[in-house]
Amino acid sequence: MEIVLAPDAMTACREAAARIADYMRGAPDPVLGLATGRTMEAVYRALVGMHRDGLSFARCRTFNLDEYYPIARDDPRSYHAYMHEQLFRHVDIVPGRTRLPDGAAPEPERECRAYEDAIRAAGGIGLQLLGIGLTGHIGFNEPPSDFATRTRLVELDEETRRQNAEMFDDRWQDVPRRALTMGVGTILDARRLLMVATGAAKARIVRDALEGPVTPMVSASALRQHPACTVILDSEAAGLLRLDR
Ligand code: F6R
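Residues numbered from 1 in each chain as written. Predicted model: local features only at pLDDT ≥ 70, side-chain atom pairs only at ≥ 80, totals over all residues. Heavy atoms only, no water.

(A) Broad picture of the overall build of the chain. Tallying secondary structure elements over the chain gives 7 helices and 10 strands in all. Whereas a compact globule of 245 residues would reach a radius of gyration of roughly 18 Å, the chain reaches 17 Å, a difference of no more than 12%. C-alpha extents for the chain along the principal axes are approximately 45 × 40 × 35 Å. Here the chain holds 245 residues, and the buried ones make up 57% of them. Residue pairs at least 24 apart in sequence account for 79% of intrachain contacts in the chain once pairs closer than 6 positions are excluded. Carbon and sulfur atoms make up 49% of the accessible area of the chain, which totals about 10900 Å². Charge-centre separation for the chain: the mean point of 31 positive side chains lies 3 Å from the mean point of 35 negative side chains. (Helix = DSSP H or I, 4+ residues; strand = E, 2+ residues; numbered from the N terminus. Rg over C-alpha atoms; globule rule 2.2 N^0.38 Å. Buried < 20%, exposed > 50% of the residue type's maximum accessible area, 1.4 Å probe, protein only. Contact = heavy atoms within 4.5 Å. Areas by Shrake-Rupley, 256 points an atom, 1.4 Å probe, with all protein chains shown as cover. Lys, Arg positive; Asp, Glu negative; His and termini not counted. Charge placed at Lys NZ, Arg CZ, Asp CG, Glu CD.)

(B) Summary view of the UniProt feature "domain: Glucosamine/galactosamine-6-phosphate isomerase" (unreviewed entry) in the chain. Sites flagged by UniProt as "domain: Glucosamine/galactosamine-6-phosphate isomerase" (unreviewed entry) map to residues 11-222. The straight-line gap between the two end C-alpha atoms of residues 11-222 is 25 Å; of that span, 34% is helix and 15% is strand. (UniProt positions renumbered as here; feature names shortened; annotations may be inferred.)

(C) Representation of the site of the ligand within the structure. With respect to spatial proximity, 14 residues lie near the ligand, and among them Thr36, Thr39, Asp66, His137 and Lys202 are the closest. In the environment of the ligand, an oxygen atom lies 2.5 Å from a nitrogen or oxygen atom belonging to the side chain of Thr39. Here an oxygen atom of the ligand and a backbone polar atom of Gly139 are 2.8 Å apart. For the ligand, whose free accessible area comes to 410 Å², the fraction covered by protein is 96%. Grouping the constituent residues of the shell around the ligand by class yields 3 nonpolar, 8 polar and 3 charged. (Near = heavy atom within 4 Å. Polar contact = N/O pair within 3.5 Å; in protein donor to acceptor, adjacent residues only side chain to side chain. Nonpolar A, V, L, I, M, F, W, Y, C, P; charged D, E, K, R; others polar.)

(D) Fine view of the sheet that holds strand β7 (residues 152-155). The 3 strands are arranged β4-β8-β7 in an open sheet whose pairing can be described as antiparallel. A strand with exactly one partner marks an edge of an open sheet, and here the two such strands are β4 (66-69) and β7. Taken pair by pair, the neighbouring strands of this sheet meet at an average axis angle of 30°, ignoring direction. Pairing geometry for β7 and strand β8 (residues 178-181), over 4 bridges, is antiparallel. Following the sheet pairing, Arg152 is matched in β8 by Thr181. (Pairing = 2+ DSSP bridges. Axes fitted to C-alpha atoms, helices over the stretch in contact; angles between N-to-C directions.)

(E) Focus on the side chain of Glu67. Following the sequence through the fold, Glu67 ends up in strand β4. Of the buried charged residues, Glu67 lacks a salt bridge, with Arg73 as the closest side chain of opposite charge at 7.8 Å. Engagement of the side chain of Glu67 in a polar contact is seen with the side chain of His80, the distance being 2.8 Å. Not counting residues within four places of it along the chain, the set of residues in contact with Glu67 comprises Ser78, Tyr79, His80, Leu100, Pro101, Gly103, Ala179 and Leu180. (Salt bridge = Lys/Arg side-chain N within 4 Å of Asp/Glu carboxyl O.)

(F) Up close: the nonpolar core. Core analysis: the biggest nonpolar cluster contains 81 residues, and Ile20, Tyr44, Phe57, Phe63, Leu87 and Leu233 have the highest contact counts within it. The element contributing the most residues to this core is helix α1 (residues 9-26), with 8 residues. (Core = buried A, V, L, I, M, F, W, Y, C linked by side-chain atoms within 4.5 Å.)

(G) Focus on the sheet that holds strand β1 (residues 2-6). Reading across the sheet, the 7 strands line up as β1-β10-β9-β6-β2-β3-β5 and stay open at both edges, with parallel pairing between neighbours. A single partner strand is all that each edge strand has here, and the edge strands are β1 and β5 (98-99). The sheet contact formed by strand β3 (residues 61-64) and β5 spans 2 bridges and is parallel. Counterpart to Thr62 in the pairing with β5 is Thr98. Helix-sheet contacts for α1 involve β1, β2 (31-34), β6 (127-130), β9 (192-197) and β10 (229-234), and the interaxial angle to β10 is about 155°.

Okay, here's the thing in structure tokens:
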């Protein structure tokens, strides 16, 4: 695992965007795994800036990690809406080549199987972008999540619902109780992983994930089993690491 330390959150997010752009330029048929959340907003801002300077998304196909369930695509609090607002509407990505789990699917299990099939049909994910939740989740894989899990319907932890309350007028009880998420196994299948964590609130869980036991109780600890994983941290998120490896 490569750990990159950045002096501040902006530098960390710009570094992540630069690595995504490198992957996009180098791959003949780039398949990007995308994430949502507050951390990623600065990553997408940097990518949009790079697009204005010539970076094209036209050859890209994208798959997002997760979506609330149930939620309508056009609900402004959905991850569909987030992706449109933060990235898709600003770049030359081809409509129809972006996909998120459908939070309005009448049969979620069927949707999850179709999602896995679509990733496979695209040739697998080349680079998967990840954040980390306060529960240690990647995607919405709350503890405990077996490292072999695939895309599925999950229950969200109360801590995650509290973490995500901002979009729901700060009423955590209004954050959906469930979500569709790629599994830890789905994520580990990506050829490269790129995690970004910033801010002091993430320091404890970053330490647990990177230096604690590799355990289904901390989904992000699974990253240490991946052969090509980079973690980009600002100094606050890295604040509790021993970094003595
Ligand atoms: C979002 C996702 C989550 C977030 C994580 C961090 O698609 O899968 O794992 O990456 O909850 O969220 P922020 O950046 O809001 O702290």
